[in-house]
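# Structural description and commentary
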Amino acid sequence: MLNFLPKPLIGVISFLLYLLNTLFWAIPILGLAILKLLPIRQWRVGITYLIDHCATAWIALNNLTSRLFSNIHWDVKGLEQLSVKDWYLVVANHQSWVDILALQKVMHRKVPFLKFFLKKELLYVPVIGLCWWALDFPFMKRYNAAFLKKHPHLKGQDIITTRKACEKFQFKPVSVMNFLEGTRFTPEKHQQQQSPFSYLLKPRAGGIAFVLNAMGQRLDKLLDVTIYYPQGAPSFWDYISGKVREIKVRVRVLPIEPELIGDYEDPHYRARFQQWVNQLWLDKNQQLLELQQGESR
């Protein structure tokens with residue numbers, strides 16, 4: 001609509017609108033979060049609905065800003081079967097911070113409000129970190145193998161943290177979102193990992209295995225989301241300044257079979273689950289190739 005303005009000016013105006021929108025909705029979200037501390041289950045469920053409604057309005061205004069100042073062609077397929085009344089586990093490839101904005105745009109009012117697994121350090125981002133906490137986003141502390149060898153008492157902490165986070169998702173429809181790669185794709189990381197996937201980093205199966213273990217009986221479907229940027233992965237500034245011309249998104253709705261739920265500490269289950277995740281990633285890699293070639297439907 002207003003994308004005829006100079007790109008730097010669009011970026012500045014958009015950033016200010018995103019900031020003002022965030023500050024505006026932070027007040028009721030954080031205020032309701034304080035009320036939610038009252039230890040009565042039905043009260044907490046009711047407050048959670050109100051907080052999620054505020055967050056949905058927050059995203060709606062962000063999407064409006066994007067429509068006003070950019071002219072993105074959204075090529076999206078696979079949303080027909082979705083419902084805000086279902087519980088979903090959502091996985092996607094990860095290339096940029098724009099992935100989060102793209103997912104919020106595409107999934108807005110199609111599924112329950114997306115709850116992302118975040119690094120614990122993001123809790124300390126001014127204002128928005130507290131909003132994520134108020135929205136029950138799970139904050140994870142990752143430990144590498146070398147650290148766990150020195151501190152064996154922390155082994156299994158991930159599943160404990162995940163289970164506690166998922167306990168909050170039992171009473172209201174939710175979309176639990178996880179980037180399986182654990183970090184954004186870059187050619188340097190791809191080379192360092194020696195990833196067998198042309199367009200993806202190696203997936204980390206443990207995160208969603210823990211979610212399935214904690215609430216697999218409650219989850220209705222798995223949404224496998226593939227995001228492709230024909231111009232290359234944009235930065236946040238590229239997105240808000242109207243430089244992004246097209247984004248392609250494909251959504252596959254997959255059943256959560258009983259055999260996908262199990263104890264990740266069990267080596268037989270772990271091997272089977274990792275094989276399933278690798279096949280999921282092989283399919284995604286092929287879809288990214290098709291999107292690049294303009295063949296994906």
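The following refers to the structure shown. (Residues numbered from 1 in each chain as written. Predicted model: local features only at pLDDT ≥ 70, side-chain atom pairs only at ≥ 80, totals over all residues. Heavy atoms only, no water.)

Remark: helix 1 (residues 7–35) packs on helix 2 (residues 41–69), axes separated minimally by 10 Å, with the N-to-C direction vectors making an angle of 175 degrees. In terms of axis orientation, helix 1 runs roughly antiparallel to helix 2. Residues belonging to the contact of helix 1 with helix 2 are distributed by class as follows: 20 nonpolar, 6 polar and no charged. (Axes fitted to C-alpha atoms, helices over the stretch in contact; angles between N-to-C directions. Helix = DSSP H or I, 4+ residues; strand = E, 2+ residues; numbered from the N terminus. Parallel < 35°, antiparallel > 145°, perpendicular 65-115°, else oblique. Nonpolar A, V, L, I, M, F, W, Y, C, P; charged D, E, K, R; others polar.)

Taken as a whole, the second largest pocket holds about 620 Å³ of empty space. Looking at the second largest pocket, it is lined by 23 residues, and the ones nearest its centre are T22, L101, I128, W132 and F236. If you list the elements that add at least two residues to the lining of the second largest pocket, you get helix 1, helix 2, helix 3 (98–107) and helix 4 (128–134). In terms of residue count, helix 1 provides more of the lining of the second largest pocket than any other element does, 4 residues in total. When grouped by side-chain class, the residues that make up the lining of the second largest pocket number 20 nonpolar, 3 polar and no charged. (1 Å grid on protein atoms, 1.4 Å probe; cavity = no way out; pocket = protein on both sides within 12 Å on 5 of 7 lines; lining within 4 Å. Points joined across faces, edges and corners; volume = space filled by probe spheres on them.)

Here helix 1 contains 29 residues, and its C-alpha end-to-end distance of 42 Å stays within 8% of the 42 Å for a straight helix at 1.5 Å per residue. Where helix 1 is concerned, the buried positions are I10, G11, S14, Y18, N21, T22, W25, A26, I29, L32 and A33. Contact partners of the buried residues in helix 1: helix 2, helix 4 and helix 9 (236–240). (Expected span 1.5 Å × (residues − 1). Buried < 20%, exposed > 50% of the residue type's maximum accessible area, 1.4 Å probe, protein only. Contact = heavy atoms within 4.5 Å.)

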